[in-house]
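Descriptive analysis of the structure
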Amino acid sequence: MSPLLTIAAESENPLVPPIPELVIGLIAFVIVFGFLAKKLLPNINKVLEERREAIEGGIEKAEAAQTEAKSVLEQYKAQLAEARHEAARLRQEAQEQGAVLIAEMRAEGQRQREEIVAAGHAQIEADRKAAASALRQDVGKLATDLAGKLVGESLEDHARQSRVIDRFLDQLEEKAEATR
């Protein structure tokens, strides 16, 4: 007999089960283990595999999304840099156009000022000549009247009167120019 049987036979130890129960328990264990290995274990493995694939797929999707986000970020930065460059170029262009416009407006203002000054000088010269002519006539009339009163006779001859007056005023102008 085996030592286990001898121990069980000699003393009925409550911790050691009887042999028939031990054999029936072992057979039941093998049946339950076999059933679990055939039916339950493939389902558990299948669920674990699906879960592993889902996690790996999620990681791959996250990495792809992260790569795409980096790509979009780089594109955004490139577009932003290009937009800043374009804005700087447009600003520079506007400043140049403003400077050209200011220069044109100054030139136009200068031209208009010169035209106004020239027109003013021409008007002054025309007014001076008209005033000199009117003054010449008035001085001539007064001189003729005065000469007529001094002489006691009328100096009515217009042609002679005009020549005398012109000669007298020309002499006055020559003296005035010589003193300048």
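Computed from a predicted model, the values in this text were never measured in an experiment. (Residues numbered from 1 in each chain as written. Predicted model: local features only at pLDDT ≥ 70, side-chain atom pairs only at ≥ 80, totals over all residues. Heavy atoms only, no water.)

1. Brief notes about the overall build of the chain
Scanning the chain from N- to C-terminus turns up 3 helices and 0 strands. Of the regular secondary structure in the chain, the N- to C-terminal order runs α-α-α. Looking at the chain as a whole, 3% of its 180 residues are labelled buried. Approximately 15,800 Å² of the chain is accessible, and the part contributed by carbon and sulfur atoms is 62%. (Helix = DSSP H or I, 4+ residues; strand = E, 2+ residues; numbered from the N terminus. Buried < 20%, exposed > 50% of the residue type's maximum accessible area, 1.4 Å probe, protein only. Areas by Shrake-Rupley, 256 points an atom, 1.4 Å probe, with all protein chains shown as cover.)

2. Some words on the packing of aromatic side chains
Under the definition given, this model contains 1 aromatic pair. On the numbers, 6.1 Å between centres and 20 degrees between planes, the contact of Phe-29 with Phe-33 is stacked. A residue pair is termed a helical-turn pair when its members lie 3 or 4 positions apart in one helix, as Phe-29 and Phe-33 do in helix H2 (residues 19–151) at 4 residues. (Phe/Tyr/Trp six-rings, centres within 6.5 Å; stacked < 30°, edge-to-face > 60°.)

3. Side note on a nonpolar patch on the surface
A cluster of nonpolar side chains, contributed by Val-32, Phe-35, Leu-36, Leu-40, Leu-41, Ile-44 and Leu-48, occupies part of the molecular surface with about 630 Å² of accessible area. You can call Leu-36 partly exposed: its relative accessible area is 37%. (Patch = residues over 30% accessible without salt bridge, like charges linked within 9 Å, V, L, I, M, F, W, Y side chains within 5 Å. Salt bridge = Lys/Arg side-chain N within 4 Å of Asp/Glu carboxyl O.)

4. A few points about the pattern of salt bridges
Across all of its chains, the model carries 7 salt bridges by this definition. Across the salt bridge formed by Glu-115 and Arg-111, the nearest N and O atoms sit 2.2 Å from each other. Taken together, the residues Glu-115 and Arg-111, both in helix H2 and 4 residues apart, mark about one turn of the helix. On the basis of relative accessibility, which here comes to 44%, the residue Glu-115 falls in the partly exposed class. Exposure remark for Arg-111: the relative accessible area of 37% places this residue in the partly exposed category. Among the charged side chains, a network of salt bridges with common partners joins Glu-49, Arg-52 and Glu-56.

5. Comments concerning the confidence of the model for the chain
When pLDDT is averaged along the chain, the result is 84, and 86% of the positions lie at 70 or above. Confidence scores differ between elements of the chain, with helix H1 (residues 3–10) showing the lowest mean pLDDT of 53 and H2 the highest of 89. (pLDDT = per-residue confidence, 0-100.)

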